[in-house]
Every structure is written in structure tokens, then in C-alpha cells.
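Overview (structure and organization)
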2 protein chains.
Amino acid sequence: MIRGDDMSKILVVGSVAYDTISTPKGKAEQTLGGSANYFSCAASLYSDINVVGVVGDDYAESDLELLRSKNVNLEGLQQVSGKTFHWEGKYENDMNEAITIDTQLNVFESFDPTLPESYQSSDYVFLANIHPDLQIKVLDQIKEPKFVGADTMNFWISSQKDRLKDVLKRIDVLLINEGEARDLTGEWNAVKAAKMITDMGPKGVVIKRGEYGFMMYSEGQYFMLPAYPVADVVDPTGAGDTFAGGFFGYLSKTNEGFNFGHLKQACIQGCLAASFTVQDFGLGAIRSVQWTDLEKRQAEYYNVISYLD
Amino acid sequence: MIRGDDMSKILVVGSVAYDTISTPKGKAEQTLGGSANYFSCAASLYSDINVVGVVGDDYAESDLELLRSKNVNLEGLQQVSGKTFHWEGKYENDMNEAITIDTQLNVFESFDPTLPESYQSSDYVFLANIHPDLQIKVLDQIKEPKFVGADTMNFWISSQKDRLKDVLKRIDVLLINEGEARDLTGEWNAVKAAKMITDMGPKGVVIKRGEYGFMMYSEGQYFMLPAYPVADVVDPTGAGDTFAGGFFGYLSKTNEGFNFGHLKQACIQGCLAASFTVQDFGLGAIRSVQWTDLEKRQAEYYNVISYLD
């Protein structure tokens, strides 16, 4: 798959951050992170990306350069005075669950996303985990999106449920982790919860299950696979956003909007991208992944899930 | 797949029990259970089974008739005076984990497995979760097994680790759940734990992951799939033993001993069988499953995991 000039464009709005992360494998302080960064590193392997977000004046030029070097458009990334968003978290033995120690919104607190004109014709839109009001504000500025996906988190599910429901009515696919799907629906069984989520609006849902992979559901059809088996999981932070990046990258490349067959392949690409992210702290692993790395891993993955021989 | 007269024989040694089970879906009192029963209901769809076990004089004739009606050989099932083994447990919202309330060994306490002569030439042997001493005692009585598998549980891992390690050296495949794999190896990462288990003796290991399916590992190769998606899980008791039943049933039918390709198909058959078990309390669902039910579910399962379209 070669990137072409006529490709559809992906817009992502999300956090750009410096994180401090502890896991059983060590600790990384003030490491580059944020959903928009994770997403863009993966999605830029397939397509052109427009980033919407905000950073402080402490944000390093070299960190901007990382995305620029991947042809990511940063016209919509505001740099304002103040400190960049900061998340501190840890993982214990169960790497499937992050424990938040501290969140400092900093410049994100007064973030008012205004899209550059060139962004308004984006075809594929990913509303990463931010306040539902901001997700809607971004969506309102896009003329005719072909496909819209969103993520969210427990905090918005409990504190902004009505506003979140407005978001759900306007998107094609919700990408959400298993605990959040439970919180959103009150249902422990993921098979049921998936269906309940589509009853809230989106045509499809992808429930992300960490090392257990994903469950996608749309219109009576399920598609499920385990994650690529990684023996040395160093830091799961950003795995979900990287999954979304691979997912949207593939979709925008095929550029047919909502198509279940393409969504299946998109989930697989999401899995592959996420499998790199967890191998190092922060963006350490995913930032240098090349197309050939993805192809190699896809062959290995197919070997692990191949059920017809 | 039609059962033939020249098929290889499976021997299973395990518990035969009356269980009392509470789940969020209700409660079943003194319901027929035990690993040997679950295993036999599934495996008898493929092959002839020899059961080794013990029941008390309270064990109902109709419960013996259940297995007899499936052509299961009960010559090695001792009936002695006393009460049948009883387990009481419950599941809360997380159906992946059983909480034991009470275990009454009863006639199992003095169980001394002596194999009828006709059993001693069994080709496929499943040592269900019982004391490692009993597993070895059974194995010692079998002349030339083609393939031996075993299960175990946390209690034996902590109290009989050395004896369990003797078992591991004599089996081809360990079938174990994810929490037990962690306890046995001290490793949280299942990808690593699987490899560590094979270093203890068995050529392969199948880690059972409840609704997340299974991970099989042998000699550098992994095979992983999610479980068949069941929206109404009523009672997960016996799912693992039923998995083993489908697994051994398939293997004995193909009758080539250890062959990774066949083991993959065996895992799939295990998944399918287990997916019926969880749909009702105890043996309620699996006892009446027919070959056509398995075939239909296999088609549905392949649809859910099919990744090449």
C-alpha cells in the first residue's frame, strides 16, 4: 500500500501531552504522549493527518518535528502560553488497567478548537477522548465527513452522559474499552453491551479489550480477535489511541466510508499498530515503525490466528 | 464426522458431582456436575469414552443413564456407600471467576482409581483436575497412551507443587486457566507463562481464558482465538472441562497423537462445546447438544473470527 496524492484526509482532535508513567518494567518521566500523538504516529503510515489540539510554550520543537516528519499537518495545533497537558499514571501487574495518579489540564483547560479552513473538508474524523462539548464543537466545523469515530472515558460517562449521548447520535463508530462499555451500558456481558451501544446511535462499536484484542459489532454482525501476542509489554499507554490510528488509517486509505469488510481489516491494522506501542514507554516504539514492520507483523499475526489448517 | 467402530478410545478421570451454583442469572441446587460428566458429554459427540471416577449411593440411576445413553463406558466408575462429591460456588458480575463456598469431598476422599482391564489400552487420556497423586496413579495403569492431557487448579499448585511437576513431565498438553497459569509460573504475561509451562515438561499448553477464548503454545508457535460470543451466559461452571471434552474428542477422532494442526482444530471444537455449556446451569445445555448443533455453531463462529474478507 503506497500513499498517494489523492488520498482522503483524516482529522484527529485529542490531547497532546507530556506523561509520567510507571509500570512493572520501569518509569518514564515527562515522556511525549497524548491521544493525538499516538493516533497520528499510526495513522500517518497510511494517510495524511490533520491534527487539532493545543500545547503550551514548554512543548519542544523536536516533538513538533516528530509529527511534521510524518507529513502530519499541524496547522490546527495551537501553541499558547502555559504548560502542556500532563497525565501521570501507573500500571501494576494487571497491565490491562491504568491507575491515574494526577491529571493537569494546563493549557487544555481553556482549549477552544477552531479548525483551519483546510481542515473543514476532512473525510475521516476521529474525536479522541476529550470533553463531549469539544467533540461536538469540532464536528460542527466539518462540512461533509464520510466517517466519524469517537472515543471517551469513564469520567465523561459519569459526568457528561447527556452530552456524550449527543455525540453518540452523530458518529458512525464508537471505539471504547471494555470497562467503559460496561459503565456506559450498565451491562457486564460485552456481547450485549456492544449491541446496546449501537442502540444509542452509532452504526458500529469497537470494544477494545487490551491483550484480549477487540470485539466489533454492527447490525447483527460480530467480529472478534485476540491481540497480537507480545511477551514483553513495557507500557500499555496509548495502545487504544494507536489502535484508532491504524483503524482510521486503513479506512481512509480504502475510502469507502462505512463498510463492514473494510472495518474488519481496519480493526486488524489497529491491533498491529497497538502491538508496537506497548513494547516501549510512550511513543518510544510506535514513532519509528515503518510500513515493512507492519507487513511483517501482519504475517506473524495471521499465523497466530489462522484457524483453517 | 461419523463415529466409527475402529475409533481410538479416550479415558477420562475426574470428579462426578452434585453442585450448588449461584450466578447473577439464578441458582441451581444439587445439580449434576463434575469434570468427568462435562468432559464426557462433549467428547462423546466424537468418540468412545472410558470414565474413571467415584460416586456415592445417593447418585441417581438416571444420572448414570445420561452417560450410558451417550455410549460412555462406566465400568471404571465406582459406586460406593456414602455421599457423592459436592461443590458449592457462586459467580458475581465477572463471570470469568468462580468463588468456592463449600467443597465436600465425601466418597472422593478415599478414592482409589483402579482401571478395568479394558481401559488400560486407552489411547487418549485426560487427567482432569484431581490430586496429582491420583493423576499419576491412573497414568501408571495405562499401557501405551498416544496422547495425555491434564488440568489442575490453584489448590494443587500451592499444596502439591512437586507432585504436580511430576505430572507435567509425563503429559503432552496441560489445559489450564489463565489465573492458574499465573500461579504456576509466577508470570503475569500469558505469552511468557505459556512458554514457561512447556519448559516444565509438556510439549504444549492451552491457557483457557473464559470469554476471551484460549491461547495455545507449543515449540515456538502460538494459536489464539476469542470464545464464541454468548450474550446470555447463565453459568460458566464446567466450561473448561467441556472445552477439554471437545478438544480430546476431536484429537482422538483424528487419532494422530500430537500434531499442532490437529491441536488447533481441537481447540476450536473445545470452544464450541464450551459455548453451549455456559448457556444453562450445570449440564443443562451441553447434555442435549447434537452433532448438527456443533456444525451450525462452527459456521457462526467462523463468521465471527473470519479475518480475510
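Focus on the overall build of chain A
Broken down by element type, chain A carries 10 helices and 13 strands. For the C-alpha atoms alone, the extent of chain A along its principal axes is close to 55 × 45 × 45 Å. Taking all 309 residues of chain A together, 52% fall into the buried category.

Quick word on the sheet that holds strand 10 (residues 173–177) of chain A
Strand-to-strand pairing in sheets goes through backbone hydrogen bonds, with the strands running parallel or antiparallel. All names here are of chain A. Taking strand neighbours across the sheet as the criterion, the 9 strands line up as 5-4-1-8-9-10-11-12-13 in an open arrangement whose pairing is mixed. Only two strands of the sheet have a single partner each, and these edge strands are strand 5 (73–79) and strand 13 (221–225). Geometrically, the sheet is characterised by an average inter-axis angle of 15° between neighbouring strands, direction not taken into account. Sheet topology note: the strand 10/strand 11 (residues 204–208) ladder contains 5 bridges and is parallel. Across the sheet, the residue bridging to asparagine 177 is lysine 208, located in strand 11. Relative to the sheet, helix 1 (residues 35–43) contacts strand 1 (9–13), strand 4 (48–55) and strand 8 (124–127), its axis offset from that of strand 4 by approximately 165°.

Details of the relation of the copies chain B and chain A
Comparison of the two chain copies shows a relationship of rotation about an axis with a shift along it. The two copies are related by a screw motion: chain B maps onto chain A through a turn of 180° and a shift of 0.0 Å along the axis, at an RMSD of 0.0 Å. The operation mapping one copy onto its partner corresponds to a two-fold rotation axis. By residue overlap, the copies meet face to face through one surface: 100% of the interface positions of chain B are interface positions in chain A.

A look at the interface of chain B and chain A
Every contact between the two is made by 24 residues of chain B and, on the other side, 24 residues of chain A. Within the residue set of the side of chain B that touches chain A, elements represented by two or more residues are helix 7 (190–199), strand 13 (221–225), helix 9 (260–277) and helix 10 (291–305) of chain B. Sorting elements by how many residues they give to the side of chain B that touches chain A places strand 13 of chain B first, with 4 residues. When its residues are assigned to classes, the side of chain B that touches chain A shows 16 nonpolar, 4 polar and 4 charged.

Things to note about the sheet that holds strand 4 (residues 48–55) of chain B
Residue and element names in this part refer to chain B. In space, the 9 strands of this open sheet follow the order 5-4-1-8-9-10-11-12-13, with mixed pairing throughout. The sheet is open, and its two borders are formed by strand 5 (73–79) and strand 13, each paired with just one other strand. Taking the axes of each pair of neighbouring strands and ignoring which way they run, one obtains an average angle of 15° across the sheet. The sheet contact formed by strand 1 (residues 9–13) and strand 8 (residues 124–127) spans 4 bridges and is parallel. In the sheet register, valine 12 faces strand 8, and the bridge partner there is phenylalanine 126.

Some thoughts on the nonpolar core
In this structure, Val12, Cys267 and Cys271 of chain A together with Val12, Cys267 and Cys271 of chain B are the most contacted members of the largest nonpolar core, which totals 204 residues. The residues touching cysteine 267 of chain B, leaving out its near neighbours within four places in the chain, are Val206, Phe214, Met216, Phe223 and Phe247 of chain B.

Here's the deal with the packing of helix 1 (residues 35–43) of chain B against helix 8 (residues 239–254) of chain B
Residue and element names in this part refer to chain B. Running from N to C, helix 1 and helix 8 point in directions that differ by 40°, and their axes come no closer than 7 Å. Considering their axes alone, helix 1 and helix 8 lie oblique with respect to each other. Note on packing geometry: the crossing formed by helix 1 with helix 8 is right-handed. Between helix 1, through Ser35, Tyr38, Phe39, Ser40, Cys41, Ala42 and Ala43, and helix 8, the contact on the second element is made entirely by Asp241, Thr242, Ala244, Gly245, Gly246, Phe248 and Gly249. For the contact of helix 1 with helix 8, the class distribution of residues is 7 nonpolar, 6 polar and 1 charged.

Some thoughts on helix 3 (residues 132–140) of chain B
Residue and element names in this part refer to chain B. What helix 3 keeps buried is the set Pro132, Gln135 and Val138. Mapping the buried residues of helix 3 onto a view down its axis gives an arc of 120°, with all of them on the same face. On its buried face, helix 3 is in contact with strand 1, strand 4, strand 8, strand 9 (147–150), helix 4 (154–159) and helix 5 (161–168).

Let's talk about unusual backbone geometry
Although it is not a glycine, asparagine 71 of chain A sits at a positive phi angle of roughly 65°. Owing to 12 C-beta atoms within 10 Å, asparagine 71 of chain A belongs among the exposed residues under this scheme.

Remarks on the confidence of the model for chain A
Taken over all residues, the pLDDT of chain A has a mean of 95, while the share at 70 or more is 98%. Across residues 1–5 of chain A, confidence stays below pLDDT 50; counting only partners more than four residues off in sequence or on other chains, it has 3 contacts.

A short note on the pairing of strand 7 (residues 99–104) of chain B
Residue and element names in this part refer to chain B. Little of strand 7 sits inside the fold, with 0 of its 6 residues counted as buried. Of the strand pairs in this sheet, strand 6 (residues 85–90) and strand 7 are connected by 5 bridges, and their pairing is antiparallel. Considered in strand 7, the bridge of histidine 86 is made with glutamine 104.

As for the environment of phenylalanine 243 of chain B
All names here are of chain B. Within the secondary structure, phenylalanine 243 sits in helix 8. For the pair formed by phenylalanine 243 and threonine 277, sequence separation is 34 residues and the distance between their alpha carbons is 9.2 Å. Every residue in contact with phenylalanine 243, bar those within four places of it in the chain, is listed here: Lys208, Gly270, Cys271, Ala273 and Ala274.

What counts and what doesn't
Each chain carries its own residue numbering, running from 1 in the written order of its sequence. To label them, take the chains in the order written and letter them from A, then take the ligands in the order written and number them from 1. With the structure being a predicted model, the display of local features is reserved for residues of pLDDT at least 70 and the display and counting of side-chain atom pairs for 80 or more, all residues being used for whole-chain, interface and lining totals. Helical segments are the DSSP runs of H or I of at least four residues, strand segments are the runs of E of at least two, and each set is numbered from the N terminus. Each residue is classified by how many other C-beta atoms fall within 10 Å of its C-beta atom, where C-beta atoms are placed from the backbone; a count of 20 or more means buried, 12 or fewer means exposed, and values in between mean partly exposed. For two strands to pair, DSSP has to find at least two bridges joining them. Every angle, taken between N-to-C directions, lies between 0 and 180 degrees, and every axis is a line fitted to C-alpha atoms, over only the stretch in contact when it is a helix. In this description, a residue-residue contact is defined by the distance between C-beta atoms placed from the backbone, which must lie within 7 Å. Copy-to-copy alignment: least squares on C-alpha atoms, limited to residues at pLDDT 70 or above in both. Three categories are distinguished: nonpolar for Ala, Val, Leu, Ile, Met, Phe, Trp, Tyr, Cys and Pro, charged for Asp, Glu, Lys and Arg, and polar for the others, with Gly belonging to the last. By convention the nonpolar core is taken to be a set of buried residues drawn from Ala, Val, Leu, Ile, Met, Phe, Trp, Tyr and Cys and joined through C-beta atoms within 7 Å. Roughly parallel means an angle under 35 degrees; roughly antiparallel means over 145; roughly perpendicular covers 65 to 115; every other angle is labelled oblique. Crossing handedness is read from the near helix: turned anticlockwise from the far helix by less than a right angle, it gives a left-handed crossing, and turned clockwise, a right-handed one. What the arc covers is the set of directions going from the helix axis to the C-beta atoms. A residue's pLDDT is the confidence the predictor assigns to it, expressed on a 0 to 100 scale.

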